[in-house]
Amino acid sequence: AEPRRFKGVMVLPPSTLCRPGSDGGMFLPFFSNEVEDEWPSWVRAGLYLFALIYCFLGVGIISDIFMEAIEEITSTERTVITTTERGESVRAKVKVWNDTVANLTLMALGSSAPEIMLNVVEVVGRGFYAGDLGPSTIVGSASFNFLIIIAVVISSVPEGETRRIRSFATFVVTGLWSIFAYLW
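Everything numeric here is computed off the predicted structure, so don't read it as measured data. (Residues numbered from 1 in each chain as written. Predicted model: local features only at pLDDT ≥ 70, side-chain atom pairs only at ≥ 80, totals over all residues. Heavy atoms only, no water.)

## Considering the environment of Thr174
1) Next: Counting through the fold element by element, Thr174 comes out in helix α5 (residues 168-183).
2) Next: Thr174 gets classed as partly exposed once you look at its relative accessible area, which sits at 38%. (Helix = DSSP H or I, 4+ residues; strand = E, 2+ residues; numbered from the N terminus. Buried < 20%, exposed > 50% of the residue type's maximum accessible area, 1.4 Å probe, protein only.)

Shown next, in the form of C-alpha cells:
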C-alpha cells in the first residue's frame, strides 16, 4: 500500500513484515515467515543468537581497526625550531593533532553510530521521509552524552582532588552547540 498524506503528514500503512503470510523480514530474508514459524523455538533462537554474536564480533573488529587508525593519526609528530632568549635554535618535537579533539571525535562516532544507522535505515525504508524513531534517538543520545556522561565523570573525581578542563574553549563550544541542538 502507498503512504497517505493528511495535512502534510505522511502516514504509512501498518507493517506486515513479521506477520503470518508475509514475505519475510529484513534479518533472515532467506525464508518466508511460514517456513521459519515451523522451526522449533530453540533453532530460531540459536540462529538469531549466532547472527547477533557475529554482528558484535564484526563491530569489535571494526572498532579495533578504528582505534589503531586514531592512535596512528594522533601520534604523528613534527619538528619545530624555536629560538631561545640567548639566540640559540632549539629543535622540539610536537604532536600534530590535539588529543582532546581526537578523543571527542572517537566518542562522538562511537556513541552516535547506532543512532545514525537507525536514521539511515528508517529514512530509506520510508521512501526518504523522516519517521518518529530516528530524530528522537539522536536527541535522546545527545542528551544522555551531554548530561549523564558529564555527571558520571564529575562524580568520579576522588574526594579532596580537583580536575581542570585543559581546553575550556572546546568545552564551551561543545556545550553551546549541544544546548542549541536541544532547543532547535
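Structure shown, so let's carry the discussion forward.
## Observations concerning helix α4 (residues 133-155)
Residues spaced three or four apart along an α-helix point in a common direction, a consequence of the helix completing one turn every 3.6 residues.
1) Next: With 23 residues, α4 extends 32 Å between its outermost C-alpha atoms, agreeing within 8% with the 33 Å of an ideal straight helix rising 1.5 Å per residue.
2) Next: Along its length, α4 shows its largest kink, about 25 degrees, at Asn145.
3) Next: Listed in full, the buried residues belonging to α4 are Gly134, Ser141, Asn145 and Phe146. (Expected span 1.5 Å × (residues − 1). Bend = angle between axes of the 7 residues up to and from the residue.)

## With respect to the side chain of Glu122
1) Next: In this structure, Glu122 sits in helix α3 (residues 99-125).
2) Next: Setting aside its immediate chain neighbours within four residues, Glu122 contacts Tyr129, Gly131, Asp132, Leu133, Gly134 and Pro135. (Contact = heavy atoms within 4.5 Å.)

## Thoughts on the pattern of salt bridges
1) Next: Evaluated as defined, the whole model comprises 2 salt bridges.
2) Next: A salt bridge links Arg86 to Glu88, with the shortest nitrogen-to-oxygen separation between them at 3.7 Å.
3) Next: Arg86 gets classed as exposed once you look at its relative accessible area, which sits at 72%.
4) Next: One salt bridge in this structure joins Arg163 and Glu161, with 2.7 Å as the shortest N-O distance. (Salt bridge = Lys/Arg side-chain N within 4 Å of Asp/Glu carboxyl O.)

## Re the side chain of Asn119
1) Next: Locating Asn119 in the fold gives a position in helix α3.
2) Next: Taking the relative accessible area as the measure of exposure, Asn119 reaches 14% and is therefore buried.
3) Next: Setting aside residues up to four positions removed in sequence, Asn119 forms contacts with Gly134, Pro135, Thr137 and Ile138.

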